[in-house]
Amino acid sequence: MLDKTFDAANVEPQIAKKWDDANAFAAGAGAREGAEPFSIVIPPPNVTGSLHMGHALNNTLQDIMVRYQRMLGNNVLWQPGMDHAGIATQMVVERKLNAEGKKRNDFTRAEFIEKIWEWKAESGGTIFNQLKRLGASCDWSRERFTMDEGLSEAVLKVFVELYNEGLIYRGKRLVNWDPHFETAISDLEVENTEVDGHMWHFKYPLADDATYTYVEKDEDGNVVLEETRDYISIATTRPETMLGDGAVAVHPSDERYASIVGKLCEIPVGPKEHRRKIPIITDEYPDKDFGSGAVKITGAHDFNDYQVAKRNNIPLYRLMDTKASMRADGDAYVEEAAKSKAIVESGELPSEAVVDAINLVPDEYRGLDRFEARKKVIADISAEGLAVMTTVTVKDDEGNEREESVPYVENKKIMQPFGDRSKVVIEPMLTDQWFADAETLAKPALASVKEGRTTFVPKTWENTYYNWMENIQPWCISRQLWWGHQIPAWYGPDDRVFVAKNEGLALEAAIQHYISHEGPWKAWVENKIEASETQSILQRDPDVLDTWFSSALWPFSTLGWPEKTKELEAYYQTDVIVTGFDIIFFWVARMMMMGNHFMKDEDGQSVEPFHTVYVHALVRDKDGQKMSKSKGNVIDPLELMDEYGTDALRFTLAIMAAQGRDVRLDTDRIAGYRNFGTKLWNATRFAQMNDVAHDPNFKPEDAKLPVNRWILTELSRAVKEVSTGIDTYRFNDAASAAYKFVWNNFCDWYLELLKPVFQGEDEAAKKEAQACAAYVLDQAYKMLHPFMPFMTEELWGLTAANRETLICHAPWPEAAFSDDEAADEINWLIELVSGIRSVRAEMNVPPSAKAPLIFVDAGDVTRGRMERNAAAIQWLARVEALSVADVAPEGSAQIVVGESTACLPLGSLVDVAAESARIEKAIGKVRGDMAKIEGKLNNEKFVQNAKPEVVQAEREKLAEFKPTLENLEAALARVKAL
């Protein structure tokens, strides 16, 4: 006999050990001979990571599919692995060293990397144990790591081949620069946060004492301002970047500045006698209706400005060093400014390297932190009288008011980029980096989706994919870190680059190049060869690759590529990737690029890494708010598993995972689905008390009792719904079908209908019922196993001796039984009894009170059902004699069931006036609550200003009230009809 309760805390580790001991999740475990392959590669969590709700949802959905496919007998591989997480891991280890009073630079690069490997061995990969606790049925024996030997080999091969094909190159472009870690970072590692900021307005004097007539007009074309100006006004939130301006841009249609386009203006900062002059140009980028309509162009420190500068051949002057301090290198400012002046006067733009070497930071600003430089720039411009002024009213100490002219500074909210790990302000920075030609690589990957070889679920995410891929920019693949795949590039004495899989091959190429070309380096290299000092010919590039580069190879590198392994042959193409929408571009798109480029079939055609991309929604809190530490609403899945059990959490996530709809996680829901598990556990105990036991000889087709044939039919219907739900990635539909069958059909009705059989004298009927109930329980355990693996494995083992297999390898339930006649009859009985119970509850009929039941318009089908099920109706619905009549008796509640109407005379059992008053009061309250919500939703200010999730929550509340109101109004109508 089962224990009274399921002890998740004790049982789950035991079940996990049972799976481990049986190597239950090894590739192909439990597969039938000649089975179709089914494979998923796990989205590799960071080696520094710990389980959060996004992981819990993502991996629960994968595990549902994997366990289901394994039970179908397919050849399943769920490939696990971890990402080396370059910047995050380096940060963790640096912090550990800092706590010991050491710094990274106290070690050589090799020594520091060794420290990271030591940390990984001791503390890294905690999340794998957490995933196992979640029940993730990966083949853990095949764990891969993006820095392991095999994956590193794959990375080298890809880099070298793409470089040789011209698809990887080195160049100078604008990137997100983290001054704390002194490295480029991806957009995904940038958090754009709204902060309190300022907009400063400054005058750029026109060169050579030029003036123009500045005219402003209103919407009707009337002149509202006309004055002579010797400057052009600009506004900026980052005054320190003015030092690197290359131009001022206005919109081509802006009439106010037409007469000065092509002229020069002075940057109002720096030594007066050496003020730089920059051109006034036109470009589509400025918005003539925003601010002054004139925009300073600092191409080396702003992404929008960069595009304007590139379009108009404007020089890109870098102002800061790797720590975001103002540059202190190069010649004195006077000499550097002269170089810039020469560029303007010549109209010819030198190479990027030449321009980048020019340091236009005035001597007094050099070495200052960027924010300290900002303060000095503002003070200096204001002192010179070149700040745009505005008039404000101020009071003196005695309260007297007077007008005063002050610099025009707007206080406003601005979006500021922060490093997600460093928490410092990110600086757009022009730096030398390695890039992949993403535009070329994207074309086949784009075609794969457009031509239907890879599909997105929900399909709407394809538009996001198209938008990104069709507007793709070069992919910055280098990072200025020590931890990661070091770029396989070496530089010769003239900075010529040699890319190869190892230094030996690079050295061979370098020697061959230099000794075969006449020039200054030929003799130098020959002398190195003669002195056996060839190692000093080359210097290796210190940068490492972006973590996403190695992750882009994940679907095939984890299977052994570039070796032609049996796993690669068996499991590539993988079937589905499960991911969040935020990394469609960063990961999914790049896997598509690399898979299409490197994986070919026998005919040389590209093979996509997966045929389906399932994009799951966000997990939010119960109010629809995005979880964040700052809000204090982060929910820890580990704590939920401690409190409610893993199965309850998994089932909650699954049943709420509707396509395209965020999961709003409420602990009350988790508690409710824990109760669902308890319901199944108690139903099994009840069955055991009635001698229900596994009978290997039971065959569904031999069942004779209508109630058994009904439950077997409903079981087949549920299995079909669950299977279809999983197959179509409608996990909520699948979980709902399983829930409805187990809770409603089996626990609430089938076991209730079997009580008279169990307690009766018909031994044959009793034996059949016991065998059928055991069979249905077995199938229910199997149907629920992908969602609730721990409890179902425990019940499977405890409800029969010597099972042939673990439930995770048991065959998926068949959906072959069908007896529509028996199913229709029992469902008619359930509908009738449910209707009577509902009416009695609505009208507050005392539980002990009974009334007759009269059927009106009853045909032969209803009469037969009534006669065959009379005892069950009387017992379950608490009614007296059953009869038929031509008309409904007065004072009766009426329930339409099938083609007839069931009438329940309740007039003598109900205080009609009191019940009417009670229900009308309840209706009034519901209508009042609905009116308040409708008032909010009809208020345009509320809808416009409230957060979208708050508005949506109000709409959902309103929707929930509507069926309640309908039910109350129906109840009132019934009462008044008595």
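Scroll up to find the structure.
Residues numbered from 1 in each chain as written. Predicted model: local features only at pLDDT ≥ 70, side-chain atom pairs only at ≥ 80, totals over all residues. Heavy atoms only, no water.

A. Inspection of the overall build of the chain at higher detail. Regarding its fold elements, the chain presents 31 helices and 33 strands. Dimensions of the chain, computed from the C-alpha atoms along their principal axes, are close to 110 × 85 × 55 Å. Every one of the 978 residues in the chain was classed for burial, and the buried ones make up 53%. In the chain, of all internal contacts separated by at least 6 residues, the share reaching a separation of at least 24 is 77%. When the accessible surface of the chain is totalled, it reaches about 44,700 Å², and 47% of it is carbon and sulfur. Once the 110 positive and 156 negative side-chain charges of the chain are each reduced to a mean point, those two points are 3 Å apart. (Helix = DSSP H or I, 4+ residues; strand = E, 2+ residues; numbered from the N terminus. Buried < 20%, exposed > 50% of the residue type's maximum accessible area, 1.4 Å probe, protein only. Contact = heavy atoms within 4.5 Å. Areas by Shrake-Rupley, 256 points an atom, 1.4 Å probe, with all protein chains shown as cover. Lys, Arg positive; Asp, Glu negative; His and termini not counted. Charge placed at Lys NZ, Arg CZ, Asp CG, Glu CD.)

B. Focus on the sheet that holds strand E5 (residues 168-178). Within the open sheet, the four strands sit side by side as E6-E5-E18-E20. Their pairing is antiparallel. If you trace the sheet from one side to the other, it starts and ends with strand E6 (183-185) and strand E20 (475-476), each paired once. In this sheet, strand E18 (residues 427-436) lies alongside E5 in antiparallel orientation, the contact comprising ten bridges. Among the inter-strand pairings, Lys172 is bridged to a residue of E18, identified as Asp432. (Pairing = 2+ DSSP bridges.)

C. Representation of the nonpolar core. Met53, Trp710, Tyr750, Phe787 and Leu853 are the most contacted members of the largest nonpolar core, which has 153 residues in total. By size, the runner-up hydrophobic cluster in this structure holds 60 residues, among which are Ala436, Ala445, Leu545 and Phe556. (Core = buried A, V, L, I, M, F, W, Y, C linked by side-chain atoms within 4.5 Å.)

D. Structural context of the packing of aromatic side chains. The tally for this structure, following the rule as stated, stands at 42 aromatic pairs. Measuring from ring centre to ring centre gives 5.7 Å for Phe112 and Trp482, while their planes differ by 65 degrees; the resulting arrangement is edge-to-face. Placement of Phe112 in helix H4 (residues 109-122) and of Trp482 in the loop between strand E21 (478-479) and strand E22 (489-491) is noted, with a sequence separation of 370 residues between them. For Phe112, a relative accessible area of 0% corresponds to the buried category. Within the aromatic cluster, the residues linked to one another by ring pairs are Phe651, Tyr673, Phe676, Tyr739, Trp743 and Phe787. The ring of Phe145 has Lys120 sitting right over it, with the charged end atom 4.5 Å from the ring centre. (Phe/Tyr/Trp six-rings, centres within 6.5 Å; stacked < 30°, edge-to-face > 60°. Lys NZ or Arg CZ within 6 Å of the ring centre and 35° of its normal.)

E. Spotlight on the side chain of Asn869. Its location among the elements puts Asn869 in the loop between helix H27 (860-868) and helix H28 (870-877). Relative accessible area serves as the criterion here: at 10%, Asn869 is assigned to the buried category. Polar side-chain contacts of Asn869 include one of 2.9 Å to the backbone oxygen of Arg865. Setting aside residues no more than four positions away along its own chain, Asn869 makes contact with Glu825, Ile826 and Leu829. (Polar contact = N/O pair within 3.5 Å; in protein donor to acceptor, adjacent residues only side chain to side chain.)

F. Up close: helix H18 (residues 584-598). Along its 15 residues, H18 runs 20 Å from first to last C-alpha, staying within 8% of the 21 Å computed at 1.5 Å per residue. Among the 15 residues in H18, 14 count as buried, and that is most of the element. (Expected span 1.5 Å × (residues − 1).)

G. A look at the pattern of salt bridges. Applying the stated criterion across every chain yields a total of 58 salt bridges. Lys157 serves as the salt-bridge partner of Glu161, at 2.5 Å between the closest nitrogen and oxygen. With a gap of four residues between them, Glu161 and Lys157 both fall in helix H6 (residues 149-164), about one helical turn apart. Exposure remark for Glu161: the relative accessible area of 26% places this residue in the partly exposed category. In this structure Lys157 comes out as partly exposed when scored by relative accessible area, which is 25%. Ionic pairing is found between Glu227 and Arg229, a salt bridge with its closest N-O pair at 2.7 Å. Accessibility expressed as a relative area gives 29% for Glu227, which makes it partly exposed. Each member of the salt-bridge network shares a partner with another, and the members are Lys172, Arg318, Asp356 and Asp432. (Salt bridge = Lys/Arg side-chain N within 4 Å of Asp/Glu carboxyl O.)

H. Examining the sheet that holds strand E17 (residues 409-419) more closely. Taken in spatial order, the three strands make up an open sheet running E10-E7-E17, and their pairing is antiparallel. Pairing within the sheet leaves two strands with one partner each, and these edge strands are strand E10 (231-236) and E17. Sheet twist, expressed as the average angle between the axes of neighbouring strands with direction ignored, equals 30 degrees. Across six bridges, strand E7 (residues 190-205) lies against E10 in antiparallel orientation. Across the sheet, residue Phe202 finds its bridge partner in E10, namely Ile234. (Axes fitted to C-alpha atoms, helices over the stretch in contact; angles between N-to-C directions.)

I. Molecular detail of the side chain of Arg620. Within the secondary structure, Arg620 sits in strand E28 (residues 619-621). Within the structure, the side chain of Arg620 is placed 3.3 Å from the backbone oxygen of Gly624, a separation counted as a polar contact. Polar side-chain contacts of Arg620 include one of 2.6 Å to the side chain of Asp662. Sequence-distant contacts of Arg620, defined by excluding residues within four places in its chain, comprise Gln625, Lys626, Met627, Asp662, Val663, Arg664 and Leu665.

J. Quick look at helix H3 (residues 86-99). Spanning 14 residues, H3 covers 20 Å between terminal C-alpha atoms, matching the ideal 20 Å at 1.5 Å per step. All of the buried residues along H3 are Gly86, Ile87, Ala88, Thr89, Gln90, Met91, Val93, Glu94 and Leu97. Buried residues along H3 sit against H4, E6 and helix H15 (547-551). In the segment just after H3, Gly101 is the residue with positive phi, at about 80 degrees.

K. The arrangement of the packing of helix H19 (residues 637-644) against helix H20 (residues 646-655) in detail. Two elements in contact, H19 and H20, have axes separated by 7 Å at closest approach and are oriented at 120 degrees. Overall, the two elements H19 and H20 adopt an arrangement that is oblique. Contact residues: H19 offers Pro637, Leu640, Met641 and Tyr644, while H20 offers Thr646, Ala648 and Leu649. (Parallel < 35°, antiparallel > 145°, perpendicular 65-115°, else oblique.)

L. The arrangement of the environment of Phe556 in detail. Secondary-structure assignment places Phe556 in helix H16 (residues 554-557). Setting aside residues up to four positions removed in sequence, Phe556 forms contacts with Trp561, Leu568, Tyr572, Met594, Gly595, Phe598 and Met599.

M. Inspection of a negative patch on the surface at higher detail. On the surface, a cluster of negative charge is made up of Glu569, Asp601, Glu602 and Asp603. Within the secondary structure, Glu569 is located in helix H17 (residues 566-571). When its relative accessible area of 67% is taken as the criterion, Glu569 is described as exposed. (Patch = residues over 30% accessible without salt bridge, like charges linked within 9 Å, V, L, I, M, F, W, Y side chains within 5 Å.)

N. Region of interest: the environment of Glu831. Mapping Glu831 onto the fold places it in helix H26 (residues 820-842). For Glu831, a relative accessible area of 43% translates into the label partly exposed. Residues Glu831 and Asn58, spaced 773 residues apart in sequence, show a C-alpha to C-alpha distance of 38 Å. Excluding residues that lie within four positions of it along the chain, Glu831 makes contacts with Val896 and Val897.

O. The arrangement of the pairing of E7 in detail. Here E7 runs beside E17; their pairing, made up of eleven bridges, is antiparallel. Following the sheet pairing, Glu191 is matched in E17 by Phe418.

P. Just the packing of helix H21 (residues 667-689) against helix H24 (residues 763-784), in detail. Following both chains from N to C, one finds H21 and H24 inclined at 160 degrees, their axes separated by 12 Å at the closest point. It follows from the interaxial angle that H21 and H24 lie roughly antiparallel. Between H21 and H24 lies a crossing whose hand is left-handed. Residue-level contacts link Phe676, Leu680, Thr684 and Ala687 of H21 to Leu777, Tyr781 and Leu784 of H24. (Left-handed = near helix turned anticlockwise from the far one by under 90°.)

Q. A look at unusual backbone geometry. A cis amide bond links Trp561 to the next residue, Pro562, at an omega of 15 degrees. Note that Pro562 resides in the loop between H16 and H17. For the peptide bond that leads from Tyr572 to Gln573, omega is 5 degrees, which places it in the cis range. Mapped onto the elements of the fold, Gln573 is located in the loop between H17 and strand E26 (574-580).

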